Structure formats: structure tokens, C-alpha cells
Amino acid sequence: MAPVPPGIRLLVAFNKDQWYRALTFMLTFLLYTSFHLSRKPISIVKSELHKNCSSTSELATVALGSGGGQEPLPLHTDVECSWKPFDKNNYKQLLGAMDYSFLCAYAIGMYLSGIIGERLPIRLYLTVGMLTSGVFTCLFGLGYIYNIHSLGFYIFVQVANGLVQTTGWPSVVTCIGNWFGKGRRGLIMGLWNSHTSVGNILGSLIAGYWVSSNWGLSFIVPGLIIGAMGVICFLFLIEHPNDLKGIYAQNLFPGNSVSAKSWNGANGHSKLYLQYKDNKKQSYDTELLLPQDSVYVPAQPVVVVKSESELSAISFMGALRIPGVVEFSLCLLFAKLVSYTFLFWLPLYITKAAHLDAKKAGDLSTLFDVGGIVGGILAGVISDKLGRRATTCAVMLLLAAPTLYGFSMISQFGLGPTVGMLLVCGGLVNGPYALITTAVSADLGTHKSLKGNARALSTVTAIIDGTGSVGAALGPLLAGLLSAGGWDRVFYMLMTADFLALLLLLRLVTKELSSSKSHPVSAIELKEH
């Protein structure tokens, strides 16, 4: 008998549950990568919507003047060079208004999204959101193809896209929380949350490829990608391990003596009951023992007495009363303000400060997201090791503020120092943001005060990220207003936001440091508000 290849041995070393868990991890990672991929193009296209027309005119004048001794005439005017209505001096305010319209709609919609998501099948809810988001992203790009110059059109598309994109975050966090327990949650979710930075990087590269030749494709291609991922979500996403039991029930009861039937429970979960030949339905919830691949186990139902009162979805105020939710939500407001200001304005800042074209500035801005990947993973590992989520966030926020000031100074001295500072800033800015939106949200959504009610996770996640999204809406808007008086004002705003985020965590940090136990914040003895 020939020896079994080592690759096959590796494959059979994992059981079905582990394979489905890996599938859920990778699928939700790719799904949310496509969300961020579709958000990034607007920041890359900004420098194309309003160009440095004076330098373009000079180049055109030189080109005409070199041919034939005729009097040179400027080839481009402001109107011809930039894209209406962003060709005027108030273009920064208009671009900021587009960012604000998307993020404000996103923030408002997020509070409702978590509540809705707990009452609908998440696979269908997420699929519809991704398909409609793809439509609106493509619609923005069609504005270039059909030569649309109405500010109202672009703001409408941004508002609509912001609303439908709220289906994403509560859904994927709920799925990943259902499949993975609390052990090493910081590390697992730190790795998983790198989808944010991966999506930003891919979005920058895709948008940058077409930005100078046909910026409409910078939106249409990401729109098609998120729409295609919505179809994949519909075909393959498994929201909860219990959803697989219906499949195993059919395999374990192939005969007619016992048939397995199901009805839809919360979020579309399948709950099984058995019906025997005498048609007497058992008034029990039934869980089936899943056989190991290598051992045959006779199909026997394990009967668990059904509780008369099922746990209902948590209310909005009930979620706010979970210890730590208010502090982390407000902290995320300021942390996300900083992160999203970089997301929407960094390419334009690099264009103006380093005098690079739109494509090079977009490519360079991806280094911020590379640093964000490392920062998110480090934050998760450190918080797992120390068992102190709030303290980990606070230290990174404390280091981020002076680093932002250093970046504003060093970016004036050339490309080399800018590259290094972009990596460091990305890690320190996105580290706390990543930790709060993933591991902390999952910890609080399964807090012991909920007494095992797992249906609170989507609502808690939506509250935390929704509050953060208020900051995400304010940051780019304030950046558009303040940058008119110089970029230094923008960096002072970002540093102030970091310090405020740090102050909001001081109570939790003090409680963590005074605690004699060393475990994640979800298990720390915090008093009710």
C-alpha cells in the first residue's frame, strides 16, 4: 500500500467543524474586504475631480508655443481641467460634503441596521445590502460616462450607498462571533480585521489604475466586485453552526421511521424537531450528535427540554446598559474620526504636500493601511496576553498623537521619511480602532450580564460602530473646512481627537489596572452604569 501524501494527511487532520469555521473566517473576510474596496475610490478620485489646472495650462502653453511661432494660447481653463461642479475655489468644501453625506447616512443607518439584522436572516440581509451597494457604487462611476455634473446626483448616490453599506459590519461580526469563542479572540479578530486595510489597499490600486484615464471605471469595477461577492454570500455564507444540523439530520435519518423537520428561529436559524410514524411531534428542541469522520456512531437523538420562554432580542437601551458599551462607543467616535480622515483625505494631502500625481499619491497612501494591518494584529495579541483591552487601546492612542504631529512635519522632507511615518501612523491609529470594533464588540455582545443571550451581539456591534461612524462623518467634513486655512489645522484636530479618545477610556483603564485578575474585558467585574 502506498503511503498517504502529506497534503492529504493535513486535510483529514481537521474535522468538518474546523473546515466550516475556516470557510466562515475567509468568506466574511473577503465580504467585508469588498465593502472597504468600494468605499476607497472617492478618496483617490478627489485629486482628479479638481486638478492643479494652472500647471496644466502652463504645460499646454509651452507645447503650443514651441510649434510655429504663433502666439501661444492656453489649452485648458479651470472649467476644462476640473470636473464640474468641483472646479471652483470651494472644491474642498464640496468634496467634504460628499464625504459627510455618505458617512452621516452610514452613522444613522448603523443604529437601525443592528436591530434589523437580529430579526432577519443575516445571509439574505447581507446579500441584499451588497448587491444594492454595488449598484450605487457603479452609479457614481456612470456620472463620468454620461457626463453628469449635478452635485445633487453625487450626494444622492453617496447617501443611498451609505445606508445600504450599514448591512455589512453587524452581519459579519455576528457571523464570526457565532463561530469563534472567546479564546484568543484578540488575535483571531486582529487577523480577521485586516480586511479593512486589505480592502483599502485593493481599492486604492484598482481606482488608481483608471483614475487618470477614466475615473468612472474607478467606481464601476469595485461596484461589480462587491455585487459579485454578494452573490457568493448568498450561495455559501453559514451564519451559525446550528444551521448545519438540518443537513446532518437528513443524512442520519435516511429511512422513513423518523423524519427531521425544521422551522425558522431567530435570524433564520434552523431548529429541529422529530416526527415519528405515529405522527406525534415531540415537544423538544433536538440536537443531533455529529459523527466523527473515522468512527460510525448510530444515529441517536439527544433530547433537550425546550424552555417555555425564549430569549428575545435585546433592546437599544438594554444594550447601552451593558458595562463598557458607552465608554468604548464614545472612544471609537474619536478614534474613527482620525482613521476616516486619513481614509478620505490622505491621497489628496500627499498630492499637495509631495507634489505627486493622483496615481502615485494613491499608491503611496496604501502604506498607511499596511501599517494598520500590523497595528490591528499587534493590538489583538497584546490585549490577549495582558487581558486588558482598554489599556492596550489607551497606550496606542497615547503614542498616536505625537506621531501624527511628527508625520505633519516629516512629510515635508521627502519621500523616504514619509514612507516610514505612514507605516507607524497607520499602526497606531488603526490599532485601537480595529480592537474596539472587533474583539471588544464581541466581548461586550456576549457579556455575562446578558445571561447567555447571544442575540445581543448584532445590536451591541451596531451601537459601537454606529457611534464611531458619527466621528467618521465629522472627521472628513472638518478636514475639508479646516484645510482651507492650512493642513496644520487638520493635524491639530486629529491630535485633539486622539487625546479625547484616551480620556474616555481612563475609567476602564483604572479598573483594569486595579483588578487582580488578568483576563479580557468581557469578564472583568465592571459595575453597572
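Residues numbered from 1 in each chain as written. Predicted model: local features only at pLDDT ≥ 70, side-chain atom pairs only at ≥ 80, totals over all residues. Heavy atoms only, no water.

Looking up the protein in an unreviewed UniProt entry gives the name Major facilitator superfamily (MFS) profile domain-containing protein, with the organism given as Crenichthys baileyi. Recorded under Catalytic activity (unreviewed entry), the UniProt text for the protein is reproduced unchanged: "D-glucose 6-phosphate(in) + phosphate(out) = D-glucose 6-phosphate(out) + phosphate(in)". In its Subcellular location (unreviewed entry) section, the UniProt entry covering the protein states "Membrane". (UniProt positions renumbered as here; feature names shortened; annotations may be inferred.)

Visitor: What's the story with unusual backbone geometry in this structure? I'm lost.
Guide: Working note: non-glycine residues mostly have negative phi, and peptide bonds are mostly trans. The omega angle of the peptide bond from Lys-84 to Pro-85 is 5°, so this bond is cis rather than trans. Structurally, Pro-85 can be placed in the loop between helix H5 (78-81) and helix H6 (91-117). In this model, Asn-147 sits at a positive phi of 60°, which is unusual for a non-glycine residue. With respect to the element layout, Asn-147 can be found in the loop between helix H7 (122-145) and helix H8 (151-164). (Helix = DSSP H or I, 4+ residues; strand = E, 2+ residues; numbered from the N terminus.)

Visitor: Got a minute to help me understand the side chain of Thr-341 in this structure?
Guide: By the element assignment, Thr-341 lies in helix H15 (residues 325-354). In contact with Thr-341, other than residues within four places in its own chain, are Leu-346, Gly-475, Pro-476, Ala-479, Val-490, Met-493 and Leu-494. (Contact = heavy atoms within 4.5 Å.)

Visitor: Is there a simple way to think about a nonpolar patch on the surface in this case?
Guide: On the surface, a nonpolar cluster with roughly 660 Å² of combined accessible area is contributed by Val-4, Ile-8, Leu-10, Leu-11, Val-12, Phe-14 and Trp-19. Take the nonpolar patch: its biggest share by element is four residues, from helix H1 (residues 6-12). Position of Trp-19 relative to the elements: it lies in helix H2 (residues 16-39). (Patch = residues over 30% accessible without salt bridge, like charges linked within 9 Å, V, L, I, M, F, W, Y side chains within 5 Å. Areas by Shrake-Rupley, 256 points an atom, 1.4 Å probe, with all protein chains shown as cover. Salt bridge = Lys/Arg side-chain N within 4 Å of Asp/Glu carboxyl O.)

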